[in-house]
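Close look at the chain arrangement
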Amino acid sequence: MSKILIRGAKVLGGEPQDVLIDGETIAEVGRDLSAEGAEVVEAAGKVLLPGLVDLHTHLREPGREDSETVLTGTRAAASGGYTSVFAMANTFPVADTAGVVEQVYRLGREHGYCDVQPIGAVTVGLEGRKLAELGAMHESAAGVTVFSDDGKCVDDAVIMRRALEYVKAFGGVVAQHAQEPRLTEGAQMNEGVVSAELGLGGWPAVAEESVIARDVLLAEHVGSRVHICHLSTAGSVEIVRWAKSRGIDVTAEVTPHHLLLTDELVRTYNPVYKVNPPLRTERDVHALREALADGTIDIVATDHAPHPHEDKDCEWAAAAMGMVGLETALSVVQDTMVDTGLLDWAGVADRMSVRPAQIGQATGHGRPVSAGEPANLTLVDTAYRGRVDPAGFASRSRNTPYEGRELPGRVTHTWLRGKATLVDGKLT
């Protein structure tokens, strides 16, 4: 593999430096490095970050290849600056055995646009009644460390306790989709003023908050790790903040769409805004941004949820929940967190690469941009502004809430272990 010299990039938003890649590794970082024998990428004015890591991606394969495949999903990931994604278990069949997680893992290795780490189901068939083969999935070639029934809540406290106890033995983590099912029966959107005016079934904040409160206490009781998926309310922020103050081993994520969009958009009845958990209020959005800035919320995760056209182009009540997010995540974070002064680019690297890699134990990812480290990198033109056009997405699905919206920033290059997967905004 030839050498690559990234010239004049602002590493983590700092002073311009040159970064020399030799094979799979960063060979040198400094000023005025020699370009002899190297392909030169002119990066003046652009920001260089460690490759992004997404702890919450739905790749749909096996079983729902009409929505996404490992190939199309990882191409979308590379387009968005990601070098590693964690694939959720709600596939068909469910990723609740060593065989299924190994299949997803192998597909990721074959396609090579980013690393794919399968997430194993907590319970058999996501049914919440019996623990899945947690140990076998961990010991498989996929080496699963994160387990989740995402799409459904592990609502049985005894099952959740047993899962937390089981994964503790090998340093794993249970990622909870916090949604009390009885409180959300028939729910269509956030419960509040807008739901009352529209006459749509309300999804109360307490349905999320009550599960988080229970699970942080369970994690404290058994001395295990729990991760909260797609946290969406101001009350949830306060519970996680309290739990961390007690020393409970809890981490939490927020999605880009919950950092930007509110339930006011549901007034359009456009199913593209239908998502689980639902879009919340302006007050919640501000609380989530502040919590991400101060570290109460650890990471940004996309919850990339692709759907075929027919599952979204229908009446609101019948539409599937979810949005694609891999290709727009960094732009939304720049818009909501960087351009507002809440985070600098080093903070973005921490929330979108370093910490998710640590939580998921993604070896070789989220590492410093320094000599001797794996060359997993993304280069961002932060001065760019453009309107989102889903026709240009690498994802198989187009269900984005940002169509036509102007967003800042554009990933121009992505490198996975020194191999360019995206060059000048085009997949290789």
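Read on for a plain summary of the structure. Everything numeric here is computed off the predicted structure, so don't read it as measured data.

1. Observations concerning the overall build of the protein
Helix and strand counts for the protein come out as 12 helices and 19 strands. Radius of gyration (C-alpha) of the protein: 21 Å, near the 22 Å computed for a compact globule of 428 residues. If you line up the protein on its principal axes, its C-alpha atoms span 65 × 45 × 45 Å. When burial is assessed residue by residue, the protein has 61% of its 428 residues classed as buried.

2. As for the pairing of strand β3 (residues 25–30)
Sheet topology places strand β2 (residues 16–22) next to β3; five bridges connect them, and they run antiparallel. Considered in β3, the bridge of Asp18 is made with Gly30. Between the antiparallel neighbours β2 and β3 lie two residues, among them Gly23 with a positive phi of about 70 degrees.

3. So, the environment of Ala391
With respect to the helices, strands and loops of the structure, Ala391 is situated in the loop between β16 (377–387) and β17 (406–416). Through-space distance from the C-alpha of Ala391 to that of Glu403 is 9.4 Å; in sequence the pair is 12 residues apart.

4. A short note on the packing of aromatic side chains
Applying the stated criterion across every chain, the model contains two aromatic pairs. Centroid distance Tyr166 to Phe170: 6.5 Å. Interplanar angle 70 degrees. Geometry classified as edge-to-face. One aromatic cluster is present, built from ring pairs that chain together Phe147, Tyr166 and Phe170. In this arrangement the basic side chain of Arg410 is found over the ring face of Tyr384, its NZ or CZ atom lying 5.8 Å from the centre.

5. Description of the pattern of salt bridges
Considering all chains together, one arrives at 21 salt bridges under this definition. Among the ionic pairs, Arg7 bridges to Glu42, the shortest N-O distance being 2.6 Å. A residue pair is termed long-range when its members are at least 10 positions apart, and Arg7 in strand β1 (residues 3–11) and Glu42 in strand β4 (residues 38–42) qualify at 35 residues. Judged by its relative accessible area of 32%, Arg7 is partly exposed. Arg267 is the salt-bridge partner of Glu264, the closest N and O atoms lying 2.6 Å from each other. For Glu264, a relative accessible area of 43% translates into the label partly exposed.

6. A short note on the sheet that holds strand β14 (residues 250–254)
Here we have five strands laid out as an open sheet, ordered β9-β10-β13-β14-β15, and parallel in their pairing. Of all the strands in the sheet, just β9 (146–147) and β15 (299–300) have a single pairing partner and so form its edges. When strand β13 (residues 226–228) meets β14, the two strands line up parallel, connected through three bridges. What sits directly across from Val226, in β14, is Val250.

7. Points about the pairing of β14
For β14, the tally of buried residues reaches five of five residues, placing the bulk of the element in the interior. Side chains Val250, Ala252 and Val254 project from β14 onto one buried face, and the interleaved Thr251 and Glu253 project onto a second face that is buried too. Note on the crossover from β13 through helix α7 (residues 234–245) to β14: the handedness is right-handed. In this structure, β14 lies alongside β15, joined through two bridges in parallel fashion. Residue pairing for β15: Glu253 is matched across the bridge by Ile299.

8. Details of the sheet that holds strand β7 (residues 82–87)
Ordered in space as β6-β7-β8, the three strands form an open sheet in which the pairing is parallel. Only two strands of the sheet have a single neighbouring strand rather than two, namely β6 (52–57) and β8 (115–118). Neighbour to neighbour, the strand axes of the sheet diverge by 20 degrees on average, direction disregarded. Where β6 lies against β7, four bridges are found, and the strand directions are parallel. Residue pairing across strands places Val53 opposite Ser84, the latter belonging to β7. Against the sheet, helix α2 (residues 98–111) makes contact with β7 and β8, and its axis sits at roughly 175 degrees relative to β8, the strand it touches most. Across the sheet, helix α12 (residues 345–360) lies against β6 and β7, angled at about 55 degrees from β6, the strand it touches most.

9. Here's the deal with the side chain of Asn276
In this fold, Asn276 is placed in the loop between α8 (256–260) and α9 (282–294). Side-chain polar atoms of Asn276 contact the side chain of His177, separated by 3.4 Å. A distance of 3.2 Å separates the side chain of Asn276 from the side chain of Gln179, its partner in a polar contact. For Asn276, the residues in contact, after removing those within four places along its chain, are His177, Gln179, Trp203, His230, Asp303 and Met321.

What counts, and where the lines are drawn
- Residues numbered from 1 in each chain as written.
- Predicted model: local features only at pLDDT ≥ 70, side-chain atom pairs only at ≥ 80, totals over all residues.
- Heavy atoms only, no water.
- Helix = DSSP H or I, 4+ residues; strand = E, 2+ residues; numbered from the N terminus.
- Rg over C-alpha atoms; globule rule 2.2 N^0.38 Å.
- Buried < 20%, exposed > 50% of the residue type's maximum accessible area, 1.4 Å probe, protein only.
- Pairing = 2+ DSSP bridges.
- Phe/Tyr/Trp six-rings, centres within 6.5 Å; stacked < 30°, edge-to-face > 60°.
- Lys NZ or Arg CZ within 6 Å of the ring centre and 35° of its normal.
- Salt bridge = Lys/Arg side-chain N within 4 Å of Asp/Glu carboxyl O.
- Right-handed = clockwise from strand over helix to strand, strands pointing away.
- Axes fitted to C-alpha atoms, helices over the stretch in contact; angles between N-to-C directions.
- Contact = heavy atoms within 4.5 Å.
- Polar contact = N/O pair within 3.5 Å; in protein donor to acceptor, adjacent residues only side chain to side chain.

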